[in-house]
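This is what each chain is made of:
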Amino acid sequence: MPTRLTAAVFGALMLALAVVQVAEPGWHTPVRLAAGLAATLAVTLGLRRYRPVARAPWHVLAAAVALSALGGAARTDPAVPVLPAVGTALLLTVYPMLAVALLLFVRHRIGGRRDRGGLLDTLTLACGVTLLAWTLVIDPQIRDAGLAAADRWVSLAYPIGDLLCLALLVRLLTACGRRLPAAGLLAAGLLALVVTDVAGYRDGFGHLTTLGPLPWYAAAGLAALHPSMTELTHAAPWPTTELGRTRLALLGLASLIAPAVLVLQVAHDGQVRNPYVITGLSACTFLLVLARMAGLMGSHRLALARERGLREASAALVSAADADEVAGAVRKAVAQLLPADVPHRVVLAMAFTEPEQPISAEAAAQSELDRATGTAARLVATREVDWAVAVRLTQFNKVLRCPLVLADRPTGDPLVGVLHVGGPTSALLGLQRALEVLATQVALALERIALSQEVIRRNSEAYFRTLVLNTSDVILIVDEEDRVRYASPSAVQVLGADPVGVRLPEIIHPGDRVRLAGVLTGVRAGDSTPEGLDFRAVGRRRTEVLLEMHLRDLRADQTVAGLVVTLRDVTERRRLERELTHQAFHDSLTGLANRVLFADRLQHALARGARDGSVVGVLFIDLDDFKIVNDTLGHAVGDQLLIAVAERISGALRADDTAARIGGDEFAALVENVQDPGAVEETASRILAALAAPIVVDGEMLQAVASIGITTTPEADNADELLRQADLALYVAKGAGKNRWRRYQSHLHSAMVERLELRSALDHAVNEGHFVLQYQPIVDLVTDEAVGFEALVRWHHPVRGLIAPDQFIEVAEESGLIVPMGRWVLDQALHTVAQWRRILPRTRQPYVSVNVSVRQFRQSGFVEQVRASLDYAGVPPQALMLEITETLLMGDDERIWSDLAVLQEMGVRIAIDDFGTGYSSLGYLRQRPIDVLKIDKMFIDDMVGDDQQLALVRGIVSLAQTLNLTVVAEGIEDATHRRILAQLGCPLGQGYYYSSPLDATEALTWLRNPQPIAA
């Protein structure tokens, strides 16, 4: 029979019995028995039809109905004296059974969770109703003196049972979570039972007891026949701790019962009965309300914490880049949503995406259920989840399972994954709603990541497709017959035509096809082939190109199914590599071998000489005075001279010999395959002869004078030693007067060591200031009065004493130490002349003359240095004269001459030292900023008794007067020199006739008393 029809028949039967009960009061007993039997059968039928998970509560309810019917029938039958007492006992047993049934319903409905709010609400209502029942029923029964003690206790048992059932009914209704018709029917029946019980105690309400328990029986049967009866034994989806309007109204009504009772008692009786009972129940109600408020505040704080956790999780999920970061954000969020001391574990399982991957039938069914339920969280047993998840959650009995479902996924499958949280059951039940919200955010994050990865993948494919279509490399796919099946667009640009359909060997030069065939065979056989093989081919303009080939066997890849051949045009690269290799081993200026190549060829020559017994010779060639060419004529002329010298050295060597440029103006020659060391000496002579002829560079006639050091294998048998010996021999050749060669001899080593020691000691002397200045007076030849002094530097050696400049100036020039030394000389000389000028009268203010090296002029900021030295010493520029060498006149460095012009404009005088010893043209004197000419001592020594030399001196003096230049004669040794120079009109002179070099104090004394001092 259909469910609705069964319920309708049962309802009609109960209605008919109610009519008979009202119409025929004498039929009370059979009607009650029939109604009880019908209700019991209805409960049994509902259990058989709907098969709830738990049947015990319904069985207890059916038993209570049956006992109620039997007890009521027995109580009203006076035929047997014992039956009324038995009936009363049965009726009193009904209330505990009803309480047990309701308690079972409550336990199944809350599912083991802690519903503290519902319990407090139930107790609050129970306190209010208890106070009302005490006032209306219980207290009057206690005060009724006409009742026997036994009857009084029986009459009190009924309202107490009603209160117990009513409290449990309220607890059941608060645990249902949502409105259930079965629960509503049970509530209506029990309320009817309570009303009839209470009406029996109040005068004027006896008519309400006419129907008796029939409404209760009907409600129990209809509740069992309703489909919602199964849900009464299922756990509610979440705890209903919220204070809705209905619940709030009931709690408020319960709280107002106590003051209402007080008002009614005072109004009716004029006094308050049982104030202690009213006060106690009122206090309990107040305390329960406070506890309920505290729970609400705690729930509110927990809700805020969960909301904050969900916001933080949302921010973390938005920034997550992959599934691992999403899982980490979920674990952190769940830890924030749960209390700190609750043990838990989170497992994020992704849905199966590969259709070929086998899954179990249980997993497939579970996935279908997940897709159907959406993101609703379900509390399931750990053993019911997939085994891969269960093994990670074995320490928990229950797992909160929340599917990650998105309805409109591009892939079509709405299931993204499943979020599992294991933990205590009570904690998981409170996490359901927050976890569902979190699951939605996780699903969106995972979908965003998947879509981003898909976009990146598609962009990468498009990127690589664009690279292949636009790369300059040629990409070919070759089939088993070596025929080109695919060619990238760059093939036409490199090969001149589309090679598709052409066999690969036909593209390659005929001379390389055999090698290509071997390479292709090796690749197909799986052999490892060298990368970067070069093959020749005919290019776009029918010119030969060099192609670098890379091969890879992708025949097993169905998307390629062939050999992938990558060709790159390396024609220009190989040419550049050859050029770079040549530059790495050859001098860029002269084209000769450089030091690296020379050393390599020397090693090979020594190895050959050791095998065949031939002699190997090494020549070091250094141009003499090449620095003068650079300083005077400029580096461009110097470079042209080096090129010409390299050509002449190469021309003087044999075909087997090697010429190299070691650096600067240093060259080397390797002579091999000779049997006699004399052949090496002949090579040196040929080189000197080749350099003897003048070299014309830009119209200038230049003389390339060189010194050569020679060594051969009889002196040494390794390259380093040969090079060292040749360098020592070169040093000896330079010391012997230049423009000559010298062979290495063993005693040369000590000379070189001495020179190195001198250089090291000189460097220390510069740093420590081990120099002194001496001053030689420059005298007016007419008045014999000193007008100035030349500052002469001396080295105060700790062992050798004072050392003259000719013993260390050359080393200082070579090492560059002349620059700091010259700066010190300038500052010291200006400091000395400043002291003199402060002591001497204004009419006798001498100047100081300082020699300046060309290296100092090459330093940037020389003019500023001179100006700063003058300012620091506090002397005018007129107190300083700078002496430069005559070779500087031949230079074309305009910066030097512009600096000299600036100095001359400042008032500093410029002098040419040792004039007449160089090769400068007298025309330079008119073009350069020159103030003074100093005639070299050599001319002064030879003019006595040599009319030609005298005429030369006379010409220099006359030329200087014509050009308005001052002349200073150096090396005046006696009175004859003074007299002749005075007669020739030379105004100034210096020499030992007047004074030897003096220190600063002696010079000041000499200024005050200028007497000639014998040399």
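Before any of the text, the structure's been laid out above.
Structural notes, computed from the coordinates. (Residues numbered from 1 in each chain as written. Predicted model: local features only at pLDDT ≥ 70, side-chain atom pairs only at ≥ 80, totals over all residues. Heavy atoms only, no water.)

### Some words on the overall build of the protein chain
Alright, step 1. Within the protein chain, the secondary structure is distributed over 35 helices and 25 strands.
Alright, step 2. Taken over 1015 residues, the protein chain has a buried fraction of 45%.
Alright, step 3. Taking the contacts inside the protein chain whose residues are at least 6 apart along the sequence as the reference set, 66% of them involve residues at least 24 apart.
Alright, step 4. Accessible surface computed for the protein chain: about 50400 Å², of which carbon and sulfur atoms make up 58%. (Helix = DSSP H or I, 4+ residues; strand = E, 2+ residues; numbered from the N terminus. Buried < 20%, exposed > 50% of the residue type's maximum accessible area, 1.4 Å probe, protein only. Contact = heavy atoms within 4.5 Å. Areas by Shrake-Rupley, 256 points an atom, 1.4 Å probe, with all protein chains shown as cover.)

### What about the packing of helix 27 (residues 818-839) against helix 35 (residues 1000-1008)?
Alright, step 1. Where helix 27 meets helix 35, the axes come as close as 11 Å, and the angle between the chain directions of the two elements is 35°. When you trace helix 27 past helix 35, the crossing you get is right-handed. Contacts between helix 27 and helix 35 pair Thr832, Trp836 and Ile839 from the former with Ala1000, Ala1003, Leu1004, Leu1007 and Arg1008 from the latter.
Alright, step 2. Residue composition of the contact of helix 27 with helix 35, grouped by class: six nonpolar, one polar and one charged. (Axes fitted to C-alpha atoms, helices over the stretch in contact; angles between N-to-C directions. Left-handed = near helix turned anticlockwise from the far one by under 90°. Nonpolar A, V, L, I, M, F, W, Y, C, P; charged D, E, K, R; others polar.)

### Description of a nonpolar patch on the surface
Alright, step 1. Taken together, Phe286, Leu287 and Leu290 make up a surface patch of nonpolar side chains, about 320 Å² in accessible area.
Alright, step 2. For leucine 290, the location among the structural elements is in helix 10 (residues 275-319). (Patch = residues over 30% accessible without salt bridge, like charges linked within 9 Å, V, L, I, M, F, W, Y side chains within 5 Å. Salt bridge = Lys/Arg side-chain N within 4 Å of Asp/Glu carboxyl O.)

### Details of the sheet that holds strand 3 (residues 398-405)
The strands making up a sheet associate through hydrogen bonds between their backbones, and the pairing can be parallel or antiparallel.
Alright, step 1. With antiparallel pairing, the four strands of this open sheet are ordered in space as 1-4-3-2. A strand with exactly one partner marks an edge of an open sheet, and here the two such strands are strand 1 (345-350) and strand 2 (378-381). For this sheet, the mean inter-axis angle between neighbouring strands, taken without regard to orientation, is 30°.
Alright, step 2. Sheet topology places strand 2 next to strand 3; four bridges connect them, and they run antiparallel. Counterpart to leucine 379 in the pairing with strand 3 is leucine 400.
Alright, step 3. Against the sheet, helix 11 (residues 323-337) makes contact with strand 1 and strand 4 (415-422), and its axis sits at roughly 145° relative to strand 1, the strand it touches most. (Pairing = 2+ DSSP bridges.)

### So, the packing of helix 27 against helix 29 (residues 862-873)
Alright, step 1. Following both chains from N to C, one finds helix 27 and helix 29 inclined at 30°, their axes separated by 9 Å at the closest point. For the pair helix 27 and helix 29, the crossing hand works out as right-handed. Residue-level inspection shows Arg823, Leu826, Asp827, Leu830, His831, Ala834 and Arg838 of helix 27 in contact with helix 29, the latter providing Gln865, Val866, Ser869, Leu870 and Ala873.
Alright, step 2. Residues belonging to the contact of helix 27 with helix 29 are distributed by class as follows: six nonpolar, three polar and three charged.

### With respect to unusual backbone geometry
Alright, step 1. The backbone phi angle of aspartate 482 is positive, close to 65°, even though this residue is not glycine.
Alright, step 2. Take aspartate 482: it is sitting in the loop between strand 5 (474-478) and strand 6 (484-487).
Alright, step 3. A positive phi angle, close to 55°, is found at alanine 561, a residue other than glycine.
Alright, step 4. Relative to the helices and strands, alanine 561 resides in the loop between strand 8 (544-554) and strand 9 (562-569).
Alright, step 5. A relative accessible area of 34% means that alanine 561 is categorised as partly exposed.

### Comments concerning the sheet that holds strand 12 (residues 666-674)
Alright, step 1. Spatially, five strands are ordered 11-12-10-15-16 in an open sheet, and the strand pairing comes out mixed. Each edge of the open sheet carries a strand with a single partner, namely strand 11 (658-663) and strand 16 (741-743). Ignoring which end each strand starts from, the neighbouring axes of this sheet average 20° apart.
Alright, step 2. Strand direction decides the pairing type here: strand 10 (residues 615-623) and strand 15 (residues 706-712), joined by seven bridges, are antiparallel. In the strand pairing of strand 15, isoleucine 621 is matched with isoleucine 708.
Alright, step 3. Along the sheet face, helix 22 (residues 635-652) touches strand 10, strand 11 and strand 12 and points at about 10° away from the line of strand 12.

### Side note on the side chain of threonine 711
Alright, step 1. The topology assignment puts threonine 711 in strand 15.
Alright, step 2. A distance of 2.7 Å separates the side chain of threonine 711 from the side chain of glutamine 725, its partner in a polar contact.
Alright, step 3. In this view, threonine 711 contacts Val616, Gly617, Val618, Leu722, Gln725, Ala726 and Tyr744; residues no more than four positions away in its chain are not counted. (Polar contact = N/O pair within 3.5 Å; in protein donor to acceptor, adjacent residues only side chain to side chain.)

### Here's the deal with helix 11
Alright, step 1. When the terminal C-alpha atoms of helix 11 are compared, their 21 Å separation across 15 residues agrees well with the 21 Å that a helix rising 1.5 Å per residue should span.
Alright, step 2. Of the positions making up helix 11, those classed as buried are Val326, Ala327, Ala329, Val330, Ala333, Val334 and Leu337. Summarising the axial view, the buried residues of helix 11 lie within an arc of 160°, below the 170-degree limit, and thus occupy one face. Exposed side chains of helix 11 directed beyond 90 degrees from the buried face belong to Asp324 and Lys332.
Alright, step 3. The N-capping residue of helix 11, defined by a side-chain oxygen 3.3 Å from the backbone nitrogen of aspartate 324, is aspartate 322. (Expected span 1.5 Å × (residues − 1). Arc of directions from axis to C-beta.)

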